[in-house]
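# Commentary on secondary and tertiary structure
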Amino acid sequence: MSGVVTKRATARIVVSDVAPSYIPGSDLDCVIRVEPSPGAAVKQIDARVQWSTCGKGNRDCGSIFQDRIELAPSDQSLVKTLRLTTVMPRSPVSYRGFLLQIRWAIVVRVTMVDGTEVVEEYPFALTARGDSPNSPTGA
Amino acid sequence: MNRWSWFLYAGRKAFSRAAWQRWAGIVVGSLALVSVLGGFVLLVVTIAAWTAAASAVSLAQWSTMELTIRLVIAAAMIGIGVYWMAGSIWKVATLTPGRKTTSADRQEIVLSNERVPVSSPFPTVPAPRGVVRGDVMPYRLTGANPDLGWMIGAGIASLVSVGLLTVLCWFVWQTYDAGTVDWWALGAAVCCIPVVAWSVYRFFLKFLVFVAFGPSRLEISQYPLAPGQTVQLSLRQPGQMRLHLLEVVLLCQEVVTYSQGTNVRTETRNVVEQRLFRQRGIAAAEPFQCEFEMAIPRDAMHSFSADSNRIQWKIIVSASVRGWPRFERAFPIIVQPPPA
């Protein structure tokens, strides 16, 4: 479910209530839970809902939701639970082509007080009918 | 003033339907090309002689008056040739296919989603611009000629190669005049001849094809489009020649740009290719007109445009005439996501 890029695992990120696919105009409503490791302190949490391309071409990306939370020193060692709610746009829909793919994901980036970062991506699909992503042949 | 002289003077009716006018169009095109190239050669020779005056050849043989006359003649030849060519190209670019008077109220149609001032309801989908009111169908698509860039490139290559050959010939002539033969320069000049002949031939062919086929008019019943939608298309192709084959194809392409070392490369792949219309043997007696259906596949991807990645839809109108290169016009269309 998730692709993890971690410099040093100093916090655990769990995103729940993410559906495998959404249709344009529907509500994306999920819960983000950030659990710092014992002794670790979280400085800020970035959450975004974004599309990005992958494939042969250079990467393009865009976000429809972006929020950043700076934690007070008293909260930095506590478990933090956030709610992310947004309306999905009508485009671009998910696509699996020959030279390029369009993917949607919820990306959560946690920055620790010591400067390390924990990033997790929770992919999902945006499709016209809530089914599988478009393919070049329309099959 | 008889028909031929008036025709040559005004450069009008190039490639009209009558046989004599069609051949006259080719003659005018040839004369324009010869005029431009001749003027260019004269210009290069004059400049070469003028610059060589300080070293070997005495400019005393050429008075200031003679030098001026040569330059004026060269400029006039280039000017007349360019005028004829530009006139023909301009006529093709602006001519309405059916010689039908256009309505006074023709204007750009403001499409519904262009009225939204702030953000598009379809992020990353290009706005459906470049559509005007049609005569047969509600909308007329604006076409692009992919051969125009090639024609300009071929024209520049022709001028450069002709200039190079002229300088080499001039140099060989000067050394021969002085009693020796520079075999290296002679060899280079001989090697240049096929390059010059090929580049001039390619340019001339592109130019004639561009002028001869006339503008294509493609009109559509609904616009912009959406996956699963079926629309009516109307094609009007005036042309001045008997077409061996006329074909209309719906195309969806993935276009990606990527960096490879210090180079930036672009790759294109057709992902949907659907033939909409095809007919052989179209006479040139009247402007050809036909109507046909086009269905966008139900699960097809919508148009998409980002910095380095694109999904573009287009309708390609292509035609071929025996003995001529294939001619093609592209009509970009926008396919929006399906309605919610």
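Residues numbered from 1 in each chain as written. Chains lettered and ligands numbered in written order. Predicted model: local features only at pLDDT ≥ 70, side-chain atom pairs only at ≥ 80, totals over all residues. Heavy atoms only, no water.

### A look at the sheet that holds strand 1 (residues 131–133) of chain B
All names here are of chain B. Formally: One bridge is not enough; two strands pair if DSSP finds at least two bridges between them. Each helix corresponds to a stretch of at least 4 residues labelled H or I by DSSP, and each strand to a stretch of at least 2 residues labelled E; elements are numbered beginning at the N terminus. Every axis corresponds to a line fitted to the C-alpha atoms, with the helix fit spanning only the stretch in contact, and the corresponding angles, defined between N-to-C directions, vary from 0 to 180 degrees.
Strand order in the open sheet formed by five strands is 1-2-3-4-7, and the pairing between neighbours is antiparallel. Looking at which strands have only one partner, the edges of the open sheet turn out to be strand 1 and strand 7 (288–295). Averaged over all pairs of adjacent strands, the angle between strand axes in this sheet comes to 30°, irrespective of strand direction. Note that strand 2 (residues 139–141) and strand 3 (residues 217–220) share three bridges and pair antiparallel. When the sheet's bridge partners are listed, Tyr139 is paired in strand 3 with Ile220.

### Details of the environment of Pro123 of chain A
Residue placement: Pro123 of chain A occurs in strand 10 (residues 117–126). Each C-alpha atom of the pair Pro123 of chain A and Val49 of chain A lies 9.6 Å from the other, and the pair is 74 residues apart in sequence.

### Structural notes on the pairing of strand 9 (residues 309–320) of chain B
All names here are of chain B. What counts here: Each residue is assigned to one of three classes by its accessible area relative to the maximum for its type, calculated with a 1.4 Å probe on protein chains only: buried under 20%, partly exposed between the two thresholds, exposed over 50%.
Summarising burial for strand 9: 11 of the 12 residues are buried, a large majority. Summarising the sheet, strand 5 (residues 243–260) and strand 9 pair through 12 bridges and their orientation is antiparallel. Each residue of the ladder has a partner; that of Leu245, found in strand 9, is Ser320. The sheet contact formed by strand 8 (residues 304–305) and strand 9 spans two bridges and is antiparallel. By the bridge assignment, Phe304 is partnered in strand 9 with Ile311. Hairpin connection of strand 8 to strand 9: three residues between the antiparallel strands. Two elements, strand 9 and strand 10 (residues 327–333), share seven bridges in a ladder whose sense is antiparallel. Directly across from Ile315, in strand 10, lies its bridge partner Phe331.

### So, the layout of surface pockets
All names here are of chain A. Test applied: Points on a 1 Å grid, built from protein atoms alone, make a cavity when a 1.4 Å probe fits but cannot get out and make a pocket when they are open with protein on both sides within 12 Å along at least 5 of 7 lines; residues with an atom within 4 Å of a point are the lining residues. Grid points are joined across faces, edges and corners, and a volume is the space filled by probe spheres set on the points.
Its volume calculated, the second largest pocket comes out at about 360 Å³. For the second largest pocket, the lining is made up of 22 residues, of which Ile102, Arg103, Trp104, Pro123 and Phe124 are closest to its centre. Elements that contribute at least two residues to the lining of the second largest pocket include exactly strand 5 (42–55), strand 8 (95–96), strand 9 (100–112) and strand 10. Looking at the lining of the second largest pocket, the element that brings in the most residues is strand 9, giving six residues.

### Comments concerning helix 4 (residues 147–177) of chain B
Note the cut-off: One fewer than the residue count of a helix, multiplied by 1.5 Å, yields its expected span.
Taking 1.5 Å per residue as the helical rise, helix 4 of chain B with its 31 residues ought to reach 45 Å, and the 44 Å between its terminal C-alpha atoms agrees with that figure. Among the residues trailing helix 4 of chain B, Gly179 of chain B stands out with phi positive, at a value near 105°.

### Describing the sheet that holds strand 4 (residues 27–36) of chain A
All names here are of chain A. Pairing is antiparallel across the open sheet formed by three strands, whose spatial order is 2-4-7. Each having just a single partner strand, strand 2 (11–16) and strand 7 (80–87) make up the two edges of the open sheet. Strand after strand, the sheet turns through a mean of 20° between neighbouring axes, direction not considered.

### Regarding a nonpolar patch on the surface
Short version of the rule: Patch rule: a residue counts if its relative accessible area is over 30% and it has no salt bridge; like charges are joined within 9 Å, and nonpolar side chains (Val, Leu, Ile, Met, Phe, Trp, Tyr) within 5 Å. Per-residue and other accessible areas follow the Shrake-Rupley method at a 1.4 Å probe size, with only the shown protein chains counted as cover for residues. Each reported salt bridge corresponds to a side-chain nitrogen of Lys or Arg within 4 Å of a carboxyl oxygen of Asp or Glu.
Nonpolar side chains collect at one region of the surface, where Leu148, Ile152, Ile156 and Val160 of chain B lie side by side and expose about 360 Å² of accessible area between them. With respect to the helices and strands, Val160 of chain B occurs in helix 4.

### Some thoughts on the confidence of the model for chain B
All names here are of chain B. As a reminder of what qualifies: Confidence scores here are pLDDT values: one per residue, from the predictor, ranging 0 to 100. The contact criterion used throughout is that any non-hydrogen atoms of two residues lie within 4.5 Å.
Looking at chain B, pLDDT values average 77 and 78% of them are 70 or higher. When pLDDT is averaged over each element of chain B, strand 8 comes out on top at 94 and helix 1 (residues 3–10) at the bottom at 42. Scored below 50 in pLDDT, residues 1–17 shows 43 contacts in the model against residues more than four places distant or in partner chains. Low pLDDT (under 50) marks residues 95–118, which in the prediction has 35 contacts with non-local residues, meaning those over four places away or in another chain.

### Let's talk about the packing of aromatic side chains
The criterion, for reference: Each Phe, Tyr or Trp ring, with Trp reduced to its six-membered ring, pairs with another whose centre is within 6.5 Å; inter-plane angles below 30 degrees give stacked pairs, above 60 give edge-to-face pairs, and intermediate values give tilted ones. We count a charge as sitting over a ring when the NZ of a lysine or the CZ of an arginine lies within 6 Å of the ring centre and within 35 degrees of the ring normal.
Applying the stated criterion to the full structure yields six aromatic pairs over all chains. Ring geometry for Trp51 of chain A against Phe304 of chain B: centres 5.6 Å apart, planes inclined by 80°, an arrangement best described as edge-to-face. You can see Trp51 of chain A sitting in strand 5 and its partner Phe304 of chain B sitting in strand 8, one on each of two chains. Phe304 of chain B gets classed as buried once you look at its relative accessible area, which sits at 1%. Between Phe277 of chain B and Phe292 of chain B, the aromatic rings sit 5.4 Å apart at their centres with planes inclined by 20°, giving stacked as the arrangement. Placement of Phe277 of chain B in strand 6 (residues 263–282) and of Phe292 of chain B in strand 7 is noted, with a sequence separation of 15 residues between them. Per residue, the accessibility class of Phe277 of chain B equals that of Phe292 of chain B, and both read buried. Ring pairing ties together the aromatic residues Tyr22, Trp104 and Phe124 of chain A, which thus form one cluster. Positioned above the aromatic ring of Phe98 of chain A, the side-chain terminus of Arg269 of chain B is 3.9 Å from the ring centre.

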